[in-house]
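# Inside the fold
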Amino acid sequence: MEHADHAGHSHDHHRGAGKRALVIVLGLLATHMAVEIAGSIISGSLGLLAHATHMLTDMVAICLAIFAMWIAERPASITRTFGFQRIEVLVVMLNALALWVLASWIAYEAYQRLNEHAHGHHHEVEGGIMAAVAGIGLGIHLIAAWVLHRSSRHSINVEGVFWHIIADMMGVIALIVSGLIALFFHWHLIDPIVSLVIAGLILVTSARLAVRVFRILLETVPPHIDMYELCHALEDVEGVTLVHDVHAWTITSGYEAFTAHVLVESDYPPENMDSLLRRLRGIIRHDYGIRHITLQVEQGVDGCGEENHHVDHLAARSFAEA
């Protein structure tokens, strides 16, 4: 129980640090958005306007992330035994969808400008202003990425915002380059082209996040857990005959669950059962970082006929030993 309390305290600490980081980044992005809106009006740049819109989307995403982390702290109940932990995952999925919608809008606007250019209608931009505003944005994004980096390793919500920032940063670099090209070479077609590049970067960076969310919602085994190895480690404990009906999944970022039936020797001393369970739990918690553990000990196979036993690890082990 002591280890479980420590793990829970650590998770709460990381969540608190993540919320503080998000609040700081929210202020940075609000400043950057205001600068980009003013810059887009003065310079006439679609790229800056698209990026400013992206800032607004990021700010909404951060507000949703902070709300999700707050509501996830609400205690569990008899009808919600895991509390509101999954709210964080659902918000991240909404963030990914918002990024795709945004990328589609930017691509459409860029297409419109390219089409107008093909028909002789040109949109000139002030390259110097565009590059200067984007340069300010690059500095702000570097600070924001530094603030979020550590917390992003402990929260999928913070990670979602972090990848928003990385996508923005790549877009800002593209804006700097396009502003310099427009300034020195007077090639104003670069603005919608860079807007298309920004849209593509948004799609690429959000795809990674979406895949992780889908894995959690499908309740697949967390990628850092080797189930074959875990089952072998439990079966190597003296007295354990077989581990079966195993399940492992992620509740929310940093909070994994594991259940299994443990078949022990028929003559295993009952007085040693508590010690055996503590040893098995220790392996699962300390070696694999799983916080929520449920083990059912059995001394016979009666009543197991309807279960999906999940004993493929035995075949894998036999093959490896052969």
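Conventions used here
Residues numbered from 1 in each chain as written. Predicted model: local features only at pLDDT ≥ 70, side-chain atom pairs only at ≥ 80, totals over all residues. Heavy atoms only, no water. Helix = DSSP H or I, 4+ residues; strand = E, 2+ residues; numbered from the N terminus. Buried < 20%, exposed > 50% of the residue type's maximum accessible area, 1.4 Å probe, protein only. Contact = heavy atoms within 4.5 Å. Core = buried A, V, L, I, M, F, W, Y, C linked by side-chain atoms within 4.5 Å. 1 Å grid on protein atoms, 1.4 Å probe; cavity = no way out; pocket = protein on both sides within 12 Å on 5 of 7 lines; lining within 4 Å. Points joined across faces, edges and corners; volume = space filled by probe spheres on them. Nonpolar A, V, L, I, M, F, W, Y, C, P; charged D, E, K, R; others polar. Polar contact = N/O pair within 3.5 Å; in protein donor to acceptor, adjacent residues only side chain to side chain. Patch = residues over 30% accessible without salt bridge, like charges linked within 9 Å, V, L, I, M, F, W, Y side chains within 5 Å. Areas by Shrake-Rupley, 256 points an atom, 1.4 Å probe, with all protein chains shown as cover. Salt bridge = Lys/Arg side-chain N within 4 Å of Asp/Glu carboxyl O.

## Overview of the overall build of the protein chain
Each helix and strand in the protein chain was counted, giving nine helices and three strands. Secondary structure elements of the protein chain, listed N to C terminal, follow the sequence α-α-α-α-α-α-α-β-β-α-β-α. Across the 322 residues in the protein chain, those meeting the buried criterion constitute 47%. In the protein chain, the share of contacts with a sequence separation of at least 24, taken over all contacts with a separation of at least 6, comes to 76%.

## Points about the nonpolar core
For soluble globular proteins, the rule of thumb is that nonpolar side chains tend to be buried together. Within the largest apolar cluster, 25 residues are counted, with the highest numbers of intra-cluster contacts made by Phe258 and Leu295. Secondary structure elements with two or more residues in this core: α7 (227-235), β1 (240-252), β2 (255-264), α8 (273-288) and β3 (292-298). The greatest single-element share of this core, amounting to seven residues, is contributed by α8. Apart from the residues within four sequence positions on either side, phenylalanine 258 is in contact with Met227, Leu230, Leu234, Val246, His247, Ala248, Ile284, Ile290, His292, Ile293, Thr294 and Leu295. In this structure, Ala21, Ala65, Val147 and Leu148 belong to the second largest nonpolar core, which totals 20 residues.

## Quick word on empty space enclosed by the protein
Summed over all chains, the structure comprises two cavities of 30 Å³ or more. As a volume, the second largest cavity reaches approximately 30 Å³. The wall of the second largest cavity is formed by Met93, Ala96, Leu97, Trp100, Ala210, Val213 and Phe214. Broken down by secondary-structure element, the contributors of at least two residues to the lining of the second largest cavity are α3 (87-118) and α6 (190-217). Looking at the lining of the second largest cavity, the element that brings in the most residues is α3, giving four residues. Tallied by class, the residues present in the lining of the second largest cavity amount to seven nonpolar, no polar and no charged.

## As for α7
Residues of α7 that are buried: Met227, Leu230, Cys231, His232, Leu234 and Glu235. Capping the start of α7 is the job of one residue whose side-chain oxygen sits 3.1 Å from the backbone nitrogen of tyrosine 228: aspartate 226.

## Overview of a nonpolar patch on the surface
A surface patch of nonpolar side chains, amounting to about 560 Å² of accessible area, comprises Leu180, Leu183, Phe184, Phe185 and Trp187. Mapped onto the fold, leucine 180 is located in helix α5 (residues 156-185).

The quantities given are spatial measurements derived from coordinates; they are silent on function.
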